[in-house]
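Architecture and fold: a report
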Protein chains: 2
Amino acid sequence: MSARLGLVTLGVSDVPASRRFYEALGFRASAASQGDVVFFAGPGPILALYPRARLAEDAGLPPGGAGFGGVALAINVADEAEVDALIATALGAGAQALRPAGRVFWGGYSGYFADPDGHVWEVAHNPFFPLDADGLPRLPA
Amino acid sequence: MSARLGLVTLGVSDVPASRRFYEALGFRASAASQGDVVFFAGPGPILALYPRARLAEDAGLPPGGAGFGGVALAINVADEAEVDALIATALGAGAQALRPAGRVFWGGYSGYFADPDGHVWEVAHNPFFPLDADGLPRLPA
C-alpha cells in the first residue's frame, strides 16, 4: 500500500469570503463545489474549503484551537519576482503579512502570509526543485 | 498567474520518529531529504516534515499553539476496505484514533486519525472522485 496526499481541507469561518480570497490568488473552483464546500481542482492536490466547526466535528475533535497550527502550505513559483508578485496579490486580497520575502538559508527566496483564518502559506522560489509542465515542484525519487 | 498548492509541511517534534510513521503508511522519502527536513515525493504534492519550532520561526510566528489547527489532510483510496486497512496501519504505527471509519452524509466512507504530533488525517473512499493512474483524486474543472 502506498499512501498519497490527495486533498487538503482548510477550515474557515466564511466560506464565500475565503473562496474569493483564493480565487484572487489564482485558484479556480471546480464544478464539484457545492453548498458550503469549495474544491479547487488541480494540477496538484485538491485544496478544499469547509466551515471550520464542521471540519472539527467531522474529525471528531473539539473545535477550539489557538496559535500556530504546525502546518505550512506552499506555492512554488518560477522566480523571485513571482514570489513578490504573489505575496503582493495575497496582501491586496486581505492576507496578513508574516515573514517578508527574502533570500533564505537553504538557497532559495521565500516569504509567508496568513489567509483570513490564519492558515500559513509560504510562497517560494526553490532553484533546486524545478517546476514541471503543470507548475508543480518535482523531487528526485 | 495561477497558484497551485505544491508542498505541505508538517511541523513535528521528532523528525526521525515522524519519518518512520509516514513510511509505515507508505510514503517514500525522497533523496532530497537532508538534515532535519524530510520530503516525501509524489505522485501528488510534496509532503515535508520539519521541526515545529523551526517552521514557526521560518514563518515569523510564535511557536505556541493548542487545539484543532483547522487543517485536515486526506488520503483518498479505492474502496472501503482500503480505508479500514490504512487506518489500522496508522493506529499500529502510533496514530491516535479520531472518528472511526464509517459511511458519511456526502455518500462516501471515511475515518480520521491524528499523527504523533496531532496533525489530522482523513482516509476516504469517495465514489464521486475517481482516482487517476497515480492514485490521486481528480475533479471536474
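Please read these numbers as outputs of a predicted model, since none were measured by experiment.

Confidence in the prediction of chain A, expressed as mean pLDDT, is 92, and 99% of residues score 70 or more. The complex prediction reports pTM at 0.93, with the ipTM value standing at 0.91.

Another aspect to go through is empty space enclosed by the protein. One pass over the full model with this rule turns up 1 cavity of 30 Å³ or more. Empty space within the largest cavity amounts to approximately 30 Å³. Taken together, Leu-5, Gly-6, Gly-44, Pro-45 and Ile-46 of chain A together with Gly-44, Pro-45, Leu-136, Pro-137 and Arg-138 of chain B form the lining of the largest cavity. Partitioned by chemical class, the residues of the lining of the largest cavity number 6 nonpolar, 3 polar and 1 charged.

A common way to express how large an interface is: the accessible area buried when the components associate. Each partner contributes to the interface: chain A provides 69 residues, whereas chain B provides 69 residues. When the two sides are added together, the surface that chain A and chain B hide from each other amounts to roughly 5700 Å², 63% of it contributed by carbon and sulfur. Where chain A meets chain B, there are 2 salt bridges. In this structure, Arg-99 of chain B and Asp-58 of chain A form a salt bridge, with 3.8 Å as the shortest nitrogen-oxygen distance. Here chain A is connected to chain B by 21 residue pairs in polar contact (both at pLDDT 80 or more). Those elements that provide at least two residues to the side of chain A that touches chain B are strand S1 (7-12), strand S3 (46-51), helix H2 (52-59), strand S4 (65-67), strand S5 (71-76), helix H3 (80-92) and strand S9 (120-125) of chain A. Considering only residue class, the side of chain A that touches chain B consists of 44 nonpolar, 16 polar and 9 charged.

To continue, consider the packing of helix H1 (residues 15-25) of chain B against helix H3 (residues 80-92) of chain B. All names here are of chain B. Where H1 meets H3, the axes come as close as 9 Å, and the angle between the chain directions of the two elements is 155 degrees. Looking at the two axes, H1 sits roughly antiparallel to H3. Between H1 and H3 lies a crossing of right-handed hand. Contacts between H1 and H3 involve Phe-21, Ala-24 and Leu-25 from the former and Leu-86, Thr-89 and Ala-90 from the latter. Broken down by class, the residue content of the contact of H1 with H3 amounts to 5 nonpolar, 1 polar and no charged.

Under the defined criterion, the tally for this structure stands at 10 salt bridges over all chains. One salt bridge in this structure joins Arg-138 of chain A and Asp-132 of chain A, with 2.8 Å as the shortest N-O distance. Classification of Arg-138 of chain A as partly exposed rests on a relative accessible area of 33%. Assessed through its relative accessible area of 24%, Asp-132 of chain A is described here as partly exposed. Close ionic contact of Glu-23 of chain B with Arg-19 of chain B constitutes a salt bridge, the shortest N to O distance being 3.0 Å. Of this pair, Glu-23 of chain B and Arg-19 of chain B both sit in helix H1, separated by 4 residues, roughly a single helical turn.

Before going further, it helps to spend a moment on the pairing of S1 of chain A. Burial of S1 of chain A is extensive: 6 of the 6 residues sit out of reach of the surface. Of the strand pairs in this sheet, S1 of chain A and strand S5 (residues 71-76) of chain B are connected by 4 bridges, and their pairing is antiparallel. By the bridge assignment for S5 of chain B, Leu-7 of chain A is matched with Ala-74 of chain B. Sheet topology places S1 of chain A next to S3 of chain A; 6 bridges connect them, and they run parallel. Each residue of the ladder has a partner; that of Leu-10 of chain A, found in S3 of chain A, is Leu-49 of chain A.

This part takes up the relation of the copies chain A and chain B. Superposing chain A onto chain B takes a rotation of 180 degrees combined with a translation of 0.0 Å along the rotation axis, leaving an RMSD of 0.0 Å. The transformation relating the two chain copies, once decomposed into turn and shift, fits a two-fold axis. Among all residues of chain A, the one whose C-alpha sits closest to the rotation axis is Gly-69 of chain A, at a distance of 2.1 Å. The share of interface residues of chain A whose copies in chain B are also at the interface is 100%, consistent with both copies meeting through the same surface.

Residues and elements named next belong to chain B. The end-to-end C-alpha distance of H3 is 19 Å, a good match for the 18 Å that 13 residues give at a rise of 1.5 Å each. Buried positions along H3 lie against H1, S5, strand S8 (109-114) and strand S9 (120-125). Of the residues that open H3, the one with a side-chain oxygen 3.3 Å from the backbone nitrogen of Ala-81 is Asp-79. Looking one or two residues beyond H3, the residue adopting positive phi is Gly-94, at roughly 110 degrees.

Criteria and cut-off values
- Residues numbered from 1 in each chain as written.
- Chains lettered and ligands numbered in written order.
- Predicted model: local features only at pLDDT ≥ 70, side-chain atom pairs only at ≥ 80, totals over all residues.
- Heavy atoms only, no water.
- pLDDT = per-residue confidence, 0-100.
- 1 Å grid on protein atoms, 1.4 Å probe; cavity = no way out; pocket = protein on both sides within 12 Å on 5 of 7 lines; lining within 4 Å.
- Points joined across faces, edges and corners; volume = space filled by probe spheres on them.
- Nonpolar A, V, L, I, M, F, W, Y, C, P; charged D, E, K, R; others polar.
- Contact = heavy atoms within 4.5 Å.
- Buried area = accessible area lost by both parts, 1.4 Å probe.
- Salt bridge = Lys/Arg side-chain N within 4 Å of Asp/Glu carboxyl O.
- Polar contact = N/O pair within 3.5 Å; in protein donor to acceptor, adjacent residues only side chain to side chain.
- Helix = DSSP H or I, 4+ residues; strand = E, 2+ residues; numbered from the N terminus.
- Axes fitted to C-alpha atoms, helices over the stretch in contact; angles between N-to-C directions.
- Parallel < 35°, antiparallel > 145°, perpendicular 65-115°, else oblique.
- Left-handed = near helix turned anticlockwise from the far one by under 90°.
- Buried < 20%, exposed > 50% of the residue type's maximum accessible area, 1.4 Å probe, protein only.
- Pairing = 2+ DSSP bridges.
- Least-squares fit on C-alpha atoms with pLDDT ≥ 70 in both.
- Expected span 1.5 Å × (residues − 1).

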